[in-house]
Amino acid sequence: MAERNTSYFRAVLGSIPPYRPGRKVVGPDGRSAKLSSNESPFGPLPSVREAVAEAAAELNRYPDPAATALTAALARRFGVPEEHVALGAGSVGILQQILEAAAEPGVEVVYAWRSFEAYPLLVGLSGATPVQVPLREEVHDLDALAAAVTDRTRLLFVCNPNNPTGTAVRETELTAFLDAVPDHVLVILDEAYREYVRDPHVPDGVRLYRDRPNVAVLRTFSKAYGLAALRVGFLVGHPHVAEAVRKTMVPFAVNHLAQAAAVASLDAEQELLERVEATVKERERVRGALVADGWTVPETEANFVWLRLGEDTLDFAAACENAGVAVRPFAGEGARVSIGSPEDNDAFLAAARAHPKRR
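Residues numbered from 1 in each chain as written. Predicted model: local features only at pLDDT ≥ 70, side-chain atom pairs only at ≥ 80, totals over all residues. Heavy atoms only, no water.

(A) Focus on empty space enclosed by the protein. Scanning the entire structure with this criterion turns up one cavity of 30 Å³ or more. There is about 40 Å³ of room inside the largest cavity. Taken together, S40, F42, Y196, K223, A224, R275, V276 and T279 form the lining of the largest cavity. Residue classes in the lining of the largest cavity are distributed as four nonpolar, two polar and two charged. Shared between two domains, the lining of the largest cavity takes at least three residues from each, and those domains are domain 1 (21–44 + 268–354) and domain 2 (48–267). (1 Å grid on protein atoms, 1.4 Å probe; cavity = no way out; pocket = protein on both sides within 12 Å on 5 of 7 lines; lining within 4 Å. Points joined across faces, edges and corners; volume = space filled by probe spheres on them. Nonpolar A, V, L, I, M, F, W, Y, C, P; charged D, E, K, R; others polar. Domains from an automatic or database assignment.)

(B) Expanded view of the pairing of strand 3 (residues 108–113). The buried count for strand 3 comes to five of six residues, which makes it a mostly enclosed element. Where strand 3 and strand 4 (residues 129–134) come together, six bridges link them in parallel fashion. Paired with V109 across the two strands is P130, which belongs to strand 4. Note on the crossover from strand 3 through helix 4 (residues 118–126) to strand 4: the handedness is right-handed. Direction of pairing for strand 3 relative to strand 5 (residues 153–159): parallel, over a ladder of four bridges. (Buried < 20%, exposed > 50% of the residue type's maximum accessible area, 1.4 Å probe, protein only. Helix = DSSP H or I, 4+ residues; strand = E, 2+ residues; numbered from the N terminus. Pairing = 2+ DSSP bridges. Right-handed = clockwise from strand over helix to strand, strands pointing away.)

(C) Broad picture of the UniProt feature "modified residue: N6-(pyridoxal phosphate)lysine" (unreviewed entry) in the protein. According to UniProt, the positions carrying the feature "modified residue: N6-(pyridoxal phosphate)lysine" (unreviewed entry) are K223. Relative to the assigned elements, K223 resides in the loop between strand 7 (215–220) and strand 8 (233–236). On the basis of relative accessibility, which here comes to 17%, the residue K223 falls in the buried class. Dropping the residues within four chain positions of it, K223 is found in contact with N38, S40, A192, Y193 and Y196. (UniProt positions renumbered as here; feature names shortened; annotations may be inferred. Contact = heavy atoms within 4.5 Å.)

(D) Region of interest: the pairing of strand 6 (residues 186–190). Taking burial as the measure, the five residues of strand 6 include five buried ones, the bulk of the element. On strand 6, burial covers both faces: L186, I188 and D190 on one face and V187 and L189 on the other are all buried. Bridge count for strand 5 against strand 6 is five bridges, and the pairing is parallel. Note that in strand 6 the partner of L156 across the bridge is V187. Once you follow strand 5 into helix 6 (residues 171–180) and on to strand 6, the crossover reads as right-handed. Bridging between strand 6 and strand 7 involves four bridges; their strand directions are parallel. If you follow V187 over to strand 7, its bridge partner there is V215.

Encoded structure:
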């Protein structure tokens, strides 16, 4: 076999690991509780399935590139002008679009760490310099984030609630932080888990962005709306931001079925949010049981819990896997465990209870 020449690839690819999605495992008794991806345990509502089935009759046609109906529905839902809305293939797709619009070699992108694992991958691919600011007690250290901003900083990500810790920053601190960030920095409030927030002091970014031209908000249909397989995310920001994000979207990235499902989900939002409330109740039950069993679990406003396990992380994940429960380990740091069905959550609690090294 001829030797492969890789000189035509960018050098940065050698330092970027591939994204690893959550795994599915099967235990010795046939149990398979997939709690390694932050998915809804509920399938689409009947009305959403009907909308997808109807849209499937036009699979031979390209989707509406402007997603006109979905954009209008989102604008109505959030009370914003349509020109403030941009779409992408999931919120991670919009993150990539933002970086394509704003990041380049010589500029810096600031974000907390640990946070969403796609941040360093996407920033690295953009050619910009990532600036990681450590969490403080599992929460964004906003003072340190502000101090990390320089003349070279162009983007700053705030994941609220944070993935994978589930912790959230509150309105007083966040508004003071946003007011302190200079105008040359675009702040992205990544609110993929907003629908699960129950702390009234955690702000809604769509309200905060309105009088701040350098602030934009990311949301997704993947979590609370249960459309992870269809990949629909959206940005709400001022027109100059939304327009730049639309320019960098791959044409037809949000497909016809995804658009139909998202519109139908907005129409059925009240019913969907009742499912979200069930997940929130399960979240509180799981966290309460873990704390009662001696684990240290930060308060979470997302659809998962976080266990800081340090060097025991991979052993804990392996023990869960042996019980047929997949969790998301971050080696040397901790494990994120999504909230699933009551039965899957019980299986996880039993595996955690059997583990000898509770923290």
